[in-house]
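Take a look at the letters that make up each chain.
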Amino acid sequence: MTQTYFDKAEAQDPLFRQSGLMAKLRKQLAHAEANSAYWQEALEGIDPETIQSRDDLAKLPILRKSDLVTLQAERDLFGGIATDKSAIKRVFFSPGPIVEPQADIEDPWRMAAALYAAGMRQGDLIANCFSYHLTPAGFMFDEAAAKLGATVFPAGVGNTETLVDAFNHFQISGYVGTPDFLQIILEKAKGLGKDIKSVKHALVSGGPLFPAMREFYQAENIDVRQCYGTAELGLIAYETEGEGLVIAEDCLVEIVRPGTGDPVNEGEVGEVVVSIFNPTYPLIRFATGDLSATLPGQSDCGRTNGRLKGWLGRADQTTKVRGMFVHPQQIARVVKAYPQVGRARLEVTEQEGKDQMTLLCEIENVAPGLLDDIAQTMRAETRLRADIQVVSPNALPNDGKVIEDKRVLGV
């Protein structure tokens, strides 16, 4: 069987892809520095032409999603990031609050490839059950379906009885929405004696697709796939018939140690950081706050880009100890000062009503005085005392946790 892709670039030589992405990044850096007030400051002293590799990319500053709230409060509606406000087609108001702009370009969130991988094609009639209200999710998939050549029924959320009638009336062939909502619609249809049999393909996001839920859809003869993206970045990765999620074309994905911009080793859990090439709203090394890890090799589906394991939690592990906030960035700075330390994790416990901190450090050979030095650095960084405990290399779980709060806290 001949393998087909939405874009032939999905099967391109990885080295050719990497070279192309770095060229696009240099162009985006020069464009952002020349046209964006924020990036003019953030990239001061950086020559875009010197960014030739992923190692060079890792030297660029991180822009965190949490920074957007402050930037948009202190600067303008788009935090000084937008390069051309006249090229913004729509604005959305996401929780935070964060203003999300939609650029006036075709499929600005690049979701069409995920629809295609989920089995949807030109001429399909797709029910879009993401909200079109306030946040961009509905438009993200609406624009993608238009690029695919499919017809959209803007179903939104709620009104399940009406949706049962609409699905049967339109003979909906594809579904886009949260993993559980299609199951709710199908079960409602059964309860009303109006079984829906037309849906063959589903693309879900915005929540976990549990194994039992996948089995339910298989029993209904519906092929369901997941995708991972954000309102700011659009598509980051999507499920195919192979293992894991294939990273989307036209974005640079890094996995970094939470609280830093330092890339982790292959397969190690860390924070997802993405650079995209939207000229209107350039986001470079944008830290999502999500945890994931890469998978080795390429997908069995024939697509040659890297793969992610999927969503593995949140990177923001800030916790309050003895009235002081302790951040992952602080732990990362302490560890970075000691090359002898591999991975580290701060455990926060409670003994007799008092908070206790223990910094677990992977160290192979402990030099005299090293633990005392680390303890002093911890106290200087956090203003709190911590015990330092040595564990063997690779002893800590590969789960991306930098701070683990083991206290039993009252509500």
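Procedures and definitions
Residues numbered from 1 in each chain as written. Predicted model: local features only at pLDDT ≥ 70, side-chain atom pairs only at ≥ 80, totals over all residues. Heavy atoms only, no water. Phe/Tyr/Trp six-rings, centres within 6.5 Å; stacked < 30°, edge-to-face > 60°. Helix = DSSP H or I, 4+ residues; strand = E, 2+ residues; numbered from the N terminus. Buried < 20%, exposed > 50% of the residue type's maximum accessible area, 1.4 Å probe, protein only. Lys NZ or Arg CZ within 6 Å of the ring centre and 35° of its normal. UniProt positions renumbered as here; feature names shortened; annotations may be inferred. Pairing = 2+ DSSP bridges. Core = buried A, V, L, I, M, F, W, Y, C linked by side-chain atoms within 4.5 Å. Contact = heavy atoms within 4.5 Å. Right-handed = clockwise from strand over helix to strand, strands pointing away. Salt bridge = Lys/Arg side-chain N within 4 Å of Asp/Glu carboxyl O.

The name given to the protein chain in an unreviewed UniProt entry is Phenylacetate-CoA ligase, with the source organism recorded as Maritalea mobilis.

> Could you clarify how one ought to interpret the packing of aromatic side chains in this entry?
The description of an aromatic ring pair rests on the distance of the ring centres and on the angle between the ring planes. In total, this model carries eight aromatic pairs according to the counting rule given. Ring centres 5.2 Å apart and planes at 45 degrees place the aromatic pair F153 and F170 in the tilted group. With F153 in strand β5 (residues 151–153) and F170 in helix α7 (residues 160–170), this pair connects stretches of sequence that are 17 residues apart. Note on F153: relative accessible area 18%, which makes it buried. Clustering of aromatic rings is evident, with ring pairs tying together F92, W109, Y132 and F139. Taking NZ or CZ as reference, R121 lies 3.5 Å from the ring centre of Y116, over its face.

> Explain the UniProt feature "domain: AMP-dependent synthetase/ligase" (unreviewed entry) in the protein chain here, please?
This chain's UniProt record puts "domain: AMP-dependent synthetase/ligase" (unreviewed entry) on residues 145–275. As annotated, residues 145–275 comprises 28% helix and 31% strand, and the C-alpha atoms at either end are separated by 24 Å.

> What's the story with the sheet that holds strand β11 (residues 251–256) in this structure? I'm lost.
Pairing between sheet strands relies on hydrogen bonds along the backbone, with the strands arranged either parallel or antiparallel. Across the sheet, four strands lie side by side as β1-β13-β12-β11; this open sheet has mixed pairing. Only two strands of the sheet have a single neighbouring strand rather than two, namely β1 (63–64) and β11. The pairing of β11 with strand β12 (residues 270–276) spans six bridges and is antiparallel. Residue pairing for β12: I255 is matched across the bridge by V272.

> What's the story with the nonpolar core in this structure? I'm lost.
Looking at soluble globular proteins, one finds that nonpolar side chains tend to be buried together. One finds L25, I81, L203 and Y238 to be the most contacted residues of the largest nonpolar core, which totals 68 residues. Sequence-distant contacts of Y238, defined by excluding residues within four places in its chain, comprise E10, A113, A114, A117, Q226, C227, G244, L245, V246, I247, A248 and R303. L125, L182, I185 and V224 belong to the second largest nonpolar core, which has 26 residues in total.

> How do you make sense of the pairing of strand β8 (residues 223–230) when you look at a structure like this?
A regular strand places its side chains on the two faces of the sheet in alternate fashion. Summarising the sheet, strand β7 (residues 201–204) and β8 pair through four bridges and their orientation is parallel. Within the sheet, the bridge partner assigned to A202 lies in β8 and is V224. Following the backbone out of β7, through helix α9 (residues 211–219) and into the adjacent parallel β8, one traces a crossover that is right-handed. Between the antiparallel neighbours β8 and strand β9 (residues 234–239) lie three residues.

> Hey, could you run me through the pattern of salt bridges in this one?
Here the idea is simple: oppositely charged side chains can pair when their charged atoms come close. With the rule as written, the count across this model stands at 27 salt bridges. With a shortest N-O distance of 2.7 Å, E10 and R303 are connected by a salt bridge. With a gap of 293 residues between them, E10 in the segment before α1 (14–35) and R303 in the loop between β14 (294–295) and β15 (307–308) connect regions that are remote in the sequence. You'll find E10 and R303 in the same group, each marked buried. Residues R333 and E381 are paired through a salt bridge, measuring 2.8 Å at the closest nitrogen-oxygen approach. One end of the pair, R333, is in helix α10 (residues 328–336); the other, E381, is in helix α11 (residues 370–382), and 48 residues separate them in sequence. The structure contains a network of salt bridges with shared partners spanning K89, R90 and E143.

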